[in-house]
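# Structure assessment
For reference, the chains in residue letters:
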Amino acid sequence: MTLPLTPDELLTTTRAVRRRLDLTRPVPLELVRECLEVALQAPSGSNAQTWHWLVVTDPGQRAALGEVYRAQFARYAGSRGFAGRLFADRPERAQVQQRVGDSAAWLGEHLGEVPVLVVPCVATGGPLPAGNQAGLWGSLLPAVWSYMLAARARGLGTAWTSLHLGAEAEVAGILGLPDGVHQGALVPTAFYTGETFQPAPREPLDTVLHLDRW
Ligand SMILES: Cc1cc2nc3c(=O)[nH]c(=O)nc-3n(C[C@H](O)[C@H](O)[C@H](O)COP(=O)(O)O)c2cc1C
């Protein structure tokens, strides 16, 4: 069963869900599998499909990932790039950023309690290639977004996260990843509280659109 959303409604209301993740309601593995089946329809270079999906539901494993994430979040929160500190010179945008920062801080505390943590990976069989990695990550990240869209369509909330990558080797140890398998994201997944989601404020298209040349 999916929600009655038009394609544009789905695409414009798949938000980073953090505080509204329902930590108390179990998520059936079958529902996660459905979302992943959708994700596997995404494109990949040469159709190689070198992706792997770690779905973590075990409380001990989630707690271990939660501790890593908490420590990485603390480092990030103290950095200049912290979402809550960006665009301080533009009051309207700073207000949005403040909300993002507060919401991210909540997840920093609670990630290990989210019922399902999905870690999408790409297998290269060796170290990450030097040079432009767009081809590599382009063969994983569209599928991750498809997973998140499929989840939204099924009443699940998700948030794209990457802070754990600051401790990538430690996370690889927790998950038992073999050498040559690289993590692309960590996607907490849960049912959400409240009714629905709205499109978010974004910078106007004309500030980033270039016709024919820059
Ligand atoms: C590559 C990438 C990495 C991100 N990493 C994190 C993260 O580590 N933690 C987090 O809480 N949100 C993370 N986000 C979520 C962004 O903060 C979120 O997409 C952005 O604020 C827009 O949210 P909205 O669509 O709800 O407006 C990440 C998003 C992307 C695309």
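Scroll up to find the structure.
Worth saying up front: this structure is predicted, and the values here are computed from it rather than measured.

Another aspect to go through is the packing of helix α3 (residues 59-77) against helix α4 (residues 91-110). Closest axis-to-axis distance for the α3/α4 pair is 8 Å, and the angle between their directions is 145°. Taken together, the residues of α4 that come into contact with α3 (itself represented by Y69, R70 and F73) are G101, A104, A105, L107, G108 and E109. Of the residues belonging to the contact of α3 with α4, the class tally is five nonpolar, two polar and two charged.

The end-to-end C-alpha distance of helix α6 (residues 141-153), which contains 13 residues, comes to 19 Å, matching closely the 18 Å that a straight helix rising 1.5 Å per residue would cover. When we look at burial in α6, the residues that qualify are A143, V144, Y147, M148, L149, A150, A151, R152 and A153. Packed against the buried residues of α6 are α1 (7-12), α2 (29-39), β1 (51-56), β2 (116-123), β3 (156-158) and β5 (187-191). Of the residues one or two after α6, G155 is the one with positive phi, at around 80°.

Moving on, we get to empty space enclosed by the protein. According to the stated counting rule, one finds one cavity of 30 Å³ or more in the structure shown. In this structure, the largest cavity spans a volume of roughly 30 Å³. For the largest cavity, the full set of lining residues is T13, T14, R15, V17, M148, R152, L156, G157, T158 and F197. If you list the elements that add at least two residues to the lining of the largest cavity, you get α6 and β3. In terms of residue count, β3 provides more of the lining of the largest cavity than any other element does, three residues in total. Of the residues assigned to the lining of the largest cavity, the class counts are four nonpolar, four polar and two charged.

What follows concerns the packing of aromatic side chains. Where two aromatic rings form a pair, the distance of their centres and the angle of their planes describe that pair. Counted by the stated rule, this structure contains five aromatic pairs. With centroids separated by 5.8 Å and ring planes inclined at 70°, the aromatic side chains of F73 and Y76 adopt a geometry described as edge-to-face. Of this pair, F73 and Y76 both sit in helix α3, three residues apart, which is roughly one turn of that helix. Ring geometry for Y76 against F82: centres 5.3 Å apart, planes inclined by 80°, an arrangement best described as edge-to-face. Its relative accessible area of 22% is what places Y76 among the partly exposed residues. A network of ring pairs unites the aromatic residues F73, Y76 and F82 as a single cluster. The ring centre of F191 lies 3.6 Å from the NZ or CZ of R25, which sits over that ring.

Rules behind the numbers
- Residues numbered from 1 in each chain as written.
- Predicted model: local features only at pLDDT ≥ 70, side-chain atom pairs only at ≥ 80, totals over all residues.
- Heavy atoms only, no water.
- Axes fitted to C-alpha atoms, helices over the stretch in contact; angles between N-to-C directions.
- Helix = DSSP H or I, 4+ residues; strand = E, 2+ residues; numbered from the N terminus.
- Contact = heavy atoms within 4.5 Å.
- Nonpolar A, V, L, I, M, F, W, Y, C, P; charged D, E, K, R; others polar.
- Expected span 1.5 Å × (residues − 1).
- Buried < 20%, exposed > 50% of the residue type's maximum accessible area, 1.4 Å probe, protein only.
- 1 Å grid on protein atoms, 1.4 Å probe; cavity = no way out; pocket = protein on both sides within 12 Å on 5 of 7 lines; lining within 4 Å.
- Points joined across faces, edges and corners; volume = space filled by probe spheres on them.
- Phe/Tyr/Trp six-rings, centres within 6.5 Å; stacked < 30°, edge-to-face > 60°.
- Lys NZ or Arg CZ within 6 Å of the ring centre and 35° of its normal.

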